[in-house]
Structures are given as structure tokens and as C-alpha cells.
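Chain by chain, the residues:
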Amino acid sequence: VQLQASGGGLVQAGGSLRLSCAASGRTFSIYGMGWFRQAPGKEREFVASIRWSGGSTYYADSVKGRFTISKDNAKNTVYLQMNSLKPEDTAVYYCAIRTVPGKEYNVWGQGTQVTVSS
């Protein structure tokens, strides 16, 4: 499976962005897809995830109520709608998939930069 992330950019605090992550290849092997982010000087952190079948979603506390993860199975694409953005949301955002429940994410896309100005 290959992942292609897009949608990052520069936005003012309080604004919105939508990230997309398109999967190609052996997409039937996807169990779940997640978004992670890494800010300068910080470790990568979990943002949100969604199960490919059923659509259960999970969020980091820091983004609950502001971010929404969704998917379009027909397009093999997962979205991350980010509203009420804050400067602390500035980071490189990565999408990733895992093919086995409970295991680590094993395929990663390239990052997309999100910058929120105050």
C-alpha cells in the first residue's frame, strides 16, 4: 500500500484545513488508518484514527471536538477536517495505516506541513 497525503498549508488561528490521505495498491489489507503529527523538537504524536471497516473513530484529547476523521472507501481516502486551529497544532502531519489489529502502524505516507499563525 502507498499513501499520498495532501492539504496542508498556512492558516490563521481559528481557521480550518482539511487533510486528505489517498491509499493505493493492496488497499484490501487496510485495517485502520491514522493521522499523526510531529512538531519541531517534539516526538511524533497520535492525532486520530479510523477503522477501515465499520468506521470507529478515535481522537487525541488535544483535538477532540475540533478535528474530525472520516473516510471514503470508494476513493480509498481518509480525511482529517481540522477546525478551530491553534498555533500549537502547527506540525508536519502524517497519515499511516495498519494492517493488523493492535499492531503498530506499518505503512506511512509523506508528511504535509500545517502551520497555524497567531
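Refer to the structure presented above.
What counts as what
- Residues numbered from 1 in each chain as written.
- Predicted model: local features only at pLDDT ≥ 70, side-chain atom pairs only at ≥ 80, totals over all residues.
- Heavy atoms only, no water.
- Helix = DSSP H or I, 4+ residues; strand = E, 2+ residues; numbered from the N terminus.
- Rg over C-alpha atoms; globule rule 2.2 N^0.38 Å.
- Buried < 20%, exposed > 50% of the residue type's maximum accessible area, 1.4 Å probe, protein only.
- Contact = heavy atoms within 4.5 Å.
- Lys, Arg positive; Asp, Glu negative; His and termini not counted.
- Charge placed at Lys NZ, Arg CZ, Asp CG, Glu CD.
- Pairing = 2+ DSSP bridges.
- Axes fitted to C-alpha atoms, helices over the stretch in contact; angles between N-to-C directions.
- Phe/Tyr/Trp six-rings, centres within 6.5 Å; stacked < 30°, edge-to-face > 60°.
- Lys NZ or Arg CZ within 6 Å of the ring centre and 35° of its normal.

Draft legend 1. Quick peek at the overall build of the protein chain. Across its full length, the protein chain carries zero helices and eleven strands. For the protein chain, the succession of helices and strands along the chain, N to C, is β-β-β-β-β-β-β-β-β-β-β. Its C-alpha atoms give the protein chain a radius of gyration of 13 Å, within 12% of the compact-globule value 13 Å for 118 residues. Summarising its shape, the C-alpha atoms of the protein chain cover approximately 40 × 25 × 25 Å along the three principal directions. Out of the 118 residues belonging to the protein chain, those deemed buried represent 38%. Put simply, 51% of the contacts in the protein chain that link residues at least 6 apart link residues at least 24 apart. Each charge class in the protein chain can be summarised by its mean position, and for the 13 positive and 7 negative side chains these summaries are 8 Å apart.

Draft legend 2. Spatial organisation of unusual backbone geometry. Its identity is not glycine, yet N76 carries a phi of approximately 50°, on the positive side. When you line up the elements, N76 lands in the loop between β7 (67-72) and β8 (77-82).

Draft legend 3. Region of the structure containing the sheet that holds β7. Taken together, the four strands give an open sheet; going across it, the order is β1-β3-β8-β7, and neighbouring strands pair in antiparallel fashion. Looking at the sheet topology across the chains shown, the edges are occupied by β1 (2-6) and β7. Adjacent strand axes in the sheet meet at a mean angle of 15° when their direction is disregarded. Here strand β3 (residues 17-24) runs beside β8; their pairing, made up of six bridges, is antiparallel. Residue pairing across strands places R18 opposite Q81, the latter belonging to β8.

Draft legend 4. Representation of the packing of aromatic side chains in the model. This structure, assessed with the given rule, holds four aromatic pairs. Members of the aromatic cluster, connected to one another through ring pairs, are F36, F46, Y105 and W108. In this structure, R44 is placed above the aromatic ring of W108, and the distance from its NZ or CZ to the ring centre is 3.9 Å.

Draft legend 5. Here's a closer look at the pairing of β1. By the alternation rule, side chains of β1 split into L3 and A5, which are all buried, and Q2, Q4 and S6, of which none is buried. Judged from the five bridges that link them, β1 and β3 form a sheet pairing that is antiparallel. Across the sheet, A5 pairs through a bridge with C21, a residue of β3.

Draft legend 6. Focus on the environment of A22. Relative to the assigned elements, A22 resides in strand β3. With a relative accessible area of 32%, A22 lands in the partly exposed category. Sequence separation of A22 and N76 is 54 residues, and the distance between their C-alpha atoms is 5.9 Å. Once residues within four sequence positions are removed from consideration, A22 is found in contact with Q2, L3, Q4, N76 and T77.

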